[in-house]
Amino acid sequence: MRSESCDIFCNVIDNFGDIGVCWRLARQLANEHGLAVRLWVDDLNSFAKLCPEADVGLESQQLRGVKICHWTAEAFHPLPQHLSCLRERGVADLVIEAFACRLPQGYLEAMAAQEHKPVWINLEYLSAENWVGGCHKLPSPHPSLPLTKYFFFPGFTRQTGGLLLERDLLARRDVFQNDVEQQRAFWRSAGLEMPGAETLKISLFAYENSALHGLFDAWSGGTQPVLCLVPEGRILPQAGQYFGDAAPCAGKAYSRGNLQVRVLPFVEQERYDELLWACDVNFARGEDSCVRAQWAAKPFIWQIYPQHDAVHWDKLQAFLNLYNAPLDAAVGQAVQGLWQAWNGESGAGQWWPAFIAARGELERHAQHWVRQLAGNNLALNLLDFSREIGRMHAFKIEGQ
Ligand code: TRH
């Protein structure tokens, strides 16, 4: 029997979140559920940061069970038949446009021409806001073609599509956290000896943030040794500036008082999880790293992707309301205070002592939170929904 096929379309806006989510979903659908998956991405350079073996000069290539296709303006003009990727298999059974990117007109027309219409999903951004549950799975008929698109919302409650979680992720995390040799290998690969138990290990993946120096002051002047690992990226110039280095880069190390900072190279996507598992506290940003920090089951601080109209503050608060609900009031206040100060880029150093004093309770909460979320798996939910819609389409054809 022919395996189900899926086309995912990803338009990279900026940073790595869009392609990060699509690449993760593509691998899961292909490797865990046996779908023949093509990932159409318009920016192969961003993709290659997450998957360094990618060749940015190729029109298409097979990587980790997924066919990666370069989505260029010419790729679908005048009609899709000329493209080698499409000739092989035509329009897919399941078509996912990520984050409302617009599908190529030629591809849409090819979808509309199918007797069995493909299932067309718009995969939305992640949000903990209440309205999400009401919009999840809503249909949106195309204004002129005989096609219907369905909205699919990731989220934190049963009323949403859930979160991306690989089948074996939590088991691999547990093995790593119980295996000193794996941890030692991780620290070696970062160019470091394995730190002792007295050292607080912190990963810091963040956008530019003026609250950083206050936080560094709190860590350097604190009583506990802190080792802060900073992956190369947007916060790096400010991290270097604190130590008087105008050219910080991967491999460099700095120290002041009780604080040591090490700059790490940006690693391939699978390896980023190890950094989160190896640290005691994680600073994450955007969408995908925030979810990975949650699966790591450690206390974490989220810097949300800032939007011009400031709607990100509502999204941040909606998540805090859910996440903090079971916490003791004083601990919830420490999380609220630090997260707000970090996102507001001021005063994070003042909130740090209260946050880290609650570390034990935050660790227990993080583990409980994972158990609560792990049963709502996005890839499984998406496939169930797509098969349901597929059956509905087939029923309509039979009834004609
Ligand atoms: O890169 P981001 O800031 O992406 C953002 C957000 O997703 C935001 O919601 C979206 O609207 C905007 O893009 C356009 O943050 P995010 O989502 O955490 O993505 C980072 C990806 O990079 C994630 O998949 C983890 C990965 N990563 C690595 O692969 N290696 C690394 O070394 C690090 C630090 C991250």
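What counts, and at which threshold
Along each chain, residue indices are assigned from 1 in the same order as the chain's sequence is written. Given that the model is predicted, a residue must reach a pLDDT of at least 70 before its local features are reported, and side-chain atom pairs must reach 80 or more before they are shown or counted; all residues, however, enter totals for whole chains, interfaces and linings. Excluded from the side-chain calculations are hydrogens and water; all other atoms, namely the structure's heavy atoms, are used. Secondary structure elements follow DSSP: runs of H or I no shorter than four residues count as helices, runs of E no shorter than two count as strands, and numbering proceeds from the N terminus. The rule is simple: take the accessible area with a 1.4 Å probe, protein chains only, and divide by the maximum for that residue type; under 20% is buried, over 50% is exposed, in between is partly exposed. Put simply, a residue is near a molecule or strand once any heavy atom of it comes within 4 Å of that molecule or strand. Contacts described as polar in this section are N or O atom pairs within 3.5 Å, which, within protein, must combine one atom able to donate a hydrogen with one able to accept it, while residues neighboring in sequence count only if both atoms come from side chains. Each residue receives one of three labels: charged for Asp, Glu, Lys and Arg, nonpolar for Ala, Val, Leu, Ile, Met, Phe, Trp, Tyr, Cys and Pro, and polar for the others, Gly being one of them. Where each domain starts and ends follows an automatic or database-derived domain assignment. A carboxyl oxygen of Asp or Glu within 4 Å of a side-chain nitrogen of Lys or Arg is what we treat as a salt bridge. By definition in these notes, contact holds between two residues if any of their heavy atoms fall within 4.5 Å. Buried area is understood as the total, over both parts, of accessible area removed when two parts are fitted together, assessed with a 1.4 Å probe. Lines fitted to C-alpha atoms define the axes here, with helix axes fitted over just the stretch in contact, and angles between the N-to-C directions of these axes take values from 0 to 180 degrees. Note on angle classes: values under 35 degrees are labelled roughly parallel, values over 145 roughly antiparallel, values of 65 to 115 roughly perpendicular, and the remainder oblique.

Glancing now at unusual backbone geometry. Residues other than glycine seldom take positive phi values, yet Asn-15 does so here, at roughly 55°. With respect to the helices and strands, Asn-15 occurs in the loop between strand E1 (5-10) and helix H1 (17-31). We classify Asn-15 as buried; its relative accessible area is 18%.

Looking now at the site of the ligand. Surrounding the ligand, one finds 22 residues, the nearest of these being Phe-16, Tyr-207, Val-267, Asp-288 and Ser-289. At 2.9 Å, a side-chain N or O of Arg-285 approaches an oxygen atom of the ligand. In the model, an oxygen atom of the ligand is placed 2.5 Å from a nitrogen or oxygen of the Asp-288 side chain. Of all the secondary structure elements, the ones that give two or more residues to the shell around the ligand are H1, helix H10 (269-278) and helix H11 (288-295). Among the elements that line the shell around the ligand, the one with the most residues is H1, at three residues. By residue class, the composition of the shell around the ligand is ten nonpolar, six polar and six charged. Two domains each provide a minimum of three residues to the shell around the ligand, namely domain 1 (5-164 + 376-398) and domain 2 (169-373).

Pairing is possible between side chains of opposite charge, provided their charged atoms come close. For the structure shown, the criterion picks out 20 salt bridges. Notably, a salt bridge pairs Glu-97 with Lys-149, separated by 3.0 Å at the nearest N-O pair. Taken together, the residues Glu-97 in strand E5 (residues 94-98) and Lys-149 in strand E8 (residues 148-152) connect sequence positions 52 residues apart. Residue class for Lys-149 comes out buried when judged on its relative accessible area of 17%.

One can read the domain layout of the protein as domain 1 (5-164 + 376-398) and domain 2 (169-373). Every contact between the two is made by 23 residues of domain 1 and, on the other side, 23 residues of domain 2. Taken together, both faces of the contact between domain 1 and domain 2 bury some 2200 Å²; the carbon and sulfur share is 52%. Taken together, domain 1 and domain 2 are joined by four salt bridges.

It is worth spelling out the packing of helix H12 (residues 312-324) against helix H15 (residues 359-373) at this point. Running from amino to carboxyl end, H12 crosses H15 at an angle of 100°, the nearest separation of the two axes being 11 Å. Viewed along their axes, H12 and H15 adopt a mutual orientation that is roughly perpendicular. Listed contacts from H15 to Phe-319, Leu-322 and Tyr-323 of H12 are His-365, Ala-366 and Trp-369. Considering only residue class, the contact of H12 with H15 consists of five nonpolar, one polar and no charged.

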